[in-house]
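Below are the chains, spelled out letter by letter.
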Amino acid sequence: MVSTTLREAAWPGTRVLTGDVAGEVAKLNQESGGPVPVLGSAALVHALLAHDLVDEYQMWLHPVVLDGGKRLFGDSGDRVDLRLVESTTTGTGLVILTYQRA
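The following refers to the structure shown. (Residues numbered from 1 in each chain as written. Predicted model: local features only at pLDDT ≥ 70, side-chain atom pairs only at ≥ 80, totals over all residues. Heavy atoms only, no water.)

Considering the nonpolar core
We apply this condition: Residues enter a nonpolar core if they are buried and are Ala, Val, Leu, Ile, Met, Phe, Trp, Tyr or Cys, with the set joined through side-chain atoms within 4.5 Å. A 1.4 Å probe rolled over the protein chains alone gives each residue an accessible area, and that area as a share of the maximum for its type sets the label: buried under 20%, exposed over 50%, partly exposed in between. Put simply, DSSP H or I for four residues or longer makes a helix, DSSP E for two residues or longer makes a strand, and each gets a number counted from the N terminus.
Counting 7 residues, the largest nonpolar core consists of Leu17, Val21, Val25, Leu44, Leu48, Val54 and Tyr57. Of all the secondary structure elements, the ones that give two or more residues to this core are α1 (21–32) and α2 (42–50).

Following this line, the structure appears as structure tokens:
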């Protein structure tokens, strides 16, 4: 896990990023040898997308309708083709979709 807002990491495996976030994530990706999950940070996701640092998208669709929210991909107009590699539906109706670049 990564964070750009915490001052220090309280959870094991969490890294606090400062300065050049895209550069630090690229370095972390090389060091870790595994996935670097991003949960609930639209600003960080937008920075990673702008620097082509997203290998896989896992979208969780909850069976809830809200009045508003943030757009995940923004209005950049850049097209990214994806292919579905896995899908799971839970007993509560949560749908987990995993995509990779086509």
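Observations concerning the environment of Ala22
Selection criterion: The contact definition used throughout considers only heavy atoms, calling two residues in contact when any of these lie within 4.5 Å.
Tracing the chain through its elements places Ala22 in helix α1. Under the relative-accessibility criterion, Ala22 is labelled buried at 8%. Leaving out residues up to four positions away in the same chain, Ala22 has contacts with His51 and Leu53.

With respect to the pattern of salt bridges
When their charged atoms lie close together, side chains carrying opposite charge are able to pair. Definition in use: Between Lys or Arg on one side and Asp or Glu on the other, a salt bridge is scored when a side-chain nitrogen of the former is within 4 Å of a carboxyl oxygen of the latter.
Inspection of the entire model under this criterion finds 2 salt bridges. In this structure, the salt-bridge partner of Glu31 is Lys27, at a minimum N-O distance of 4.0 Å. Pair noted here: Glu31 and Lys27 are both in helix α1, with a separation of 4 residues, about one helical turn. For Glu31, a relative accessible area of 46% gives the class partly exposed.

What about the pairing of strand β5 (residues 95–101)?
Along a regular strand, successive side chains alternate from one face of the sheet to the other. Put simply, the rule is: Pairing between strands is defined by DSSP: at least two bridges between the two strands are required.
Where strand β3 (residues 56–61) lies against β5, 6 bridges are found, and the strand directions are antiparallel. Looking at β5, one finds that Tyr57 is bridged to Tyr99. Between strand β4 (residues 82–89) and β5, which pair antiparallel and follow one another directly, the connecting turn spans 5 residues, one of which, Gly93, has a positive phi of 95°.

Regarding α2
Quick note on the threshold: Here the arc refers to the directions that run from the helix axis out to each C-beta atom.
Within the sequence span of α2, burial applies to Leu44, Val45 and Leu48. Seen from one end, α2 has its buried residues packed into an arc of 100°, which puts them on one side. Residues Ala43 and Ala50 are exposed on α2 and point more than 90 degrees away from its buried face. Downstream of α2 by one or two residues, Asp52 has phi in the positive range, about 55°.

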